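Structure at a glance
This is what each chain is made of:
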Amino acid sequence: MTMKTEATLQGNPADVSEVLKGGKFLTFYLGEEEYALEILKVQEIIGLMAITPVPKTPDSVLGIINLRGKIIPVLDLRRKFEMASVDHDDLTCIVVMQVSEILVGILVDRVNEVSDLDESHLQGMPAINSGPMSECLLGVGKIDDRVLMLLNIEHVIDHETIAKMDLAAEDEASEVG
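Each value, and the rule that gives it
- Residues numbered from 1 in each chain as written.
- Predicted model: local features only at pLDDT ≥ 70, side-chain atom pairs only at ≥ 80, totals over all residues.
- Heavy atoms only, no water.
- Helix = DSSP H or I, 4+ residues; strand = E, 2+ residues; numbered from the N terminus.
- Buried < 20%, exposed > 50% of the residue type's maximum accessible area, 1.4 Å probe, protein only.
- Contact = heavy atoms within 4.5 Å.
- Areas by Shrake-Rupley, 256 points an atom, 1.4 Å probe, with all protein chains shown as cover.
- Phe/Tyr/Trp six-rings, centres within 6.5 Å; stacked < 30°, edge-to-face > 60°.
- Lys NZ or Arg CZ within 6 Å of the ring centre and 35° of its normal.
- Core = buried A, V, L, I, M, F, W, Y, C linked by side-chain atoms within 4.5 Å.
- Pairing = 2+ DSSP bridges.
- pLDDT = per-residue confidence, 0-100.
- Axes fitted to C-alpha atoms, helices over the stretch in contact; angles between N-to-C directions.

Moving on: the overall build of the protein. Counting its secondary structure elements, the protein contains four helices and 12 strands. Counting only residues that meet the buried cut, the protein has 44% of its 177 residues in that class. Of all intrachain contacts in the protein linking residues separated by at least 6 positions in sequence, the fraction that spans at least 24 positions is 60%. For the protein, the exposed area adds up to about 9,500 Å²; of that, 49% sits on carbon and sulfur atoms.

Structural data, given as structure tokens:
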């Protein structure tokens, strides 16, 4: 990769290099910032629905939803990235994805599109410390004059949080059932 001197690679180098080869990405917004996820991780996109809070979960976990009989934990990316909260509107949605063998939803302000990005439009993250975001980003993508932040969803939803979310969902499901 030619950008090594200008950028550092975050996360597992194998995962990063695989993503930076290009492919299809779901793009979405949190405020004015545009983010992208590998489309292969996305199961579906649903409108905002009732989220049941679950006690003793991390602050970024909003709770769980019942999606066609499946209990799915939902993470608020704004809280995770220490962004100001906003009122939800008709464009607010939940992106349901497979992360470490469980289904997880992430709340986003709005979904934009599926973009096909080849290697020439992708590069590793610039060598900056971005606080809670530092390990959550794989790199950046460029489409015309837009800059997309490529999320490393496995770092956004760390294994400890996934375990807590999965256990909370199981506990809530057993209480409901």
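Having seen the structure, we can now continue with the description.
Moving on to the packing of aromatic side chains. Within this structure, the stated rule accounts for two aromatic pairs. Both rings, one in phenylalanine 28 and one in tyrosine 35, keep their centres 5.7 Å apart while their planes meet at 15 degrees; by these two values the pair is stacked. Judged by relative accessible area, tyrosine 35 falls into the buried class, the value being 4%. Ring centres 6.0 Å apart and planes at 25 degrees place the aromatic pair tyrosine 35 and phenylalanine 81 in the stacked group. Remark: phenylalanine 81 occurs in the loop between α2 (77-80) and β7 (93-99) and tyrosine 35 occurs in strand β3 (residues 33-38); sequence separation between them is 46 residues. Neither residue differs from the other here; tyrosine 35 and phenylalanine 81 are each classed as buried. Of note, arginine 110 hangs over the ring of tyrosine 29, and the distance from its end group to the ring centre comes to 3.9 Å.

The tendency in soluble globular proteins is for nonpolar side chains to be buried side by side. In this structure, Phe28, Leu77, Ile106, Leu151 and Val156 are the most contacted members of the largest nonpolar core, which totals 27 residues. Mapped by element, the contributors of at least two residues to this core are β2 (22-30), β3, β7, β8 (102-108), β11 (137-143), β12 (146-151) and α3 (153-156). Setting aside residues no more than four positions away along its own chain, phenylalanine 28 makes contact with Glu33, Glu34, Tyr35, Ala36, Leu37, Leu77, Ile106, Val108, Arg110, Val111, Asn112 and Leu151. With nine residues, the next largest nonpolar core counts Ile65, Leu67, Val96 and Leu107 among its residues.

Burial within β8 is extensive, with six of its seven residues counted as buried. In the sheet, strand β6 (residues 70-76) pairs with β8 via three bridges, with the strands oriented parallel. Its bridge partner lying in β8, valine 74 is registered against glycine 105. Two strands pair when backbone bridges link them, and β7 and β8 are joined in this way by seven bridges, in the antiparallel orientation. Counted as the bridge partner of isoleucine 94 is leucine 107 from β8. Hairpin connection of β7 to β8: two residues between the antiparallel strands, including serine 100 at a positive phi of 50 degrees.

Let us now look at the confidence of the model for the protein. With 72% of its residues at a pLDDT of 70 or more, the protein shows a mean pLDDT of 79. For residues 1-16, every residue scores under 50 in pLDDT, and the model assigns this stretch 27 contacts once sequence neighbours within four places are set aside.

The sheet built from five strands is open, its strands ordered β4-β7-β8-β6-β5 with mixed pairing. Unpaired on one side and paired on the other, β4 (42-47) and β5 (61-67) mark the two borders of the sheet. Neighbouring strand axes in the sheet, compared pairwise and without regard to direction, differ in orientation by 30 degrees on average. Relative to β7, β4 runs antiparallel, the two sharing five bridges. Residue glutamate 44 lies in a different strand from β7, and its bridge partner there is valine 96.

What follows is about the side chain of serine 60. With respect to the helices and strands, serine 60 occurs in the loop between β4 and β5. For serine 60, a relative accessible area of 11% gives the class buried. Beyond its immediate stretch of four places on either side in the chain, serine 60 contacts Val74, Leu75, Asp76, Arg79 and Lys80.

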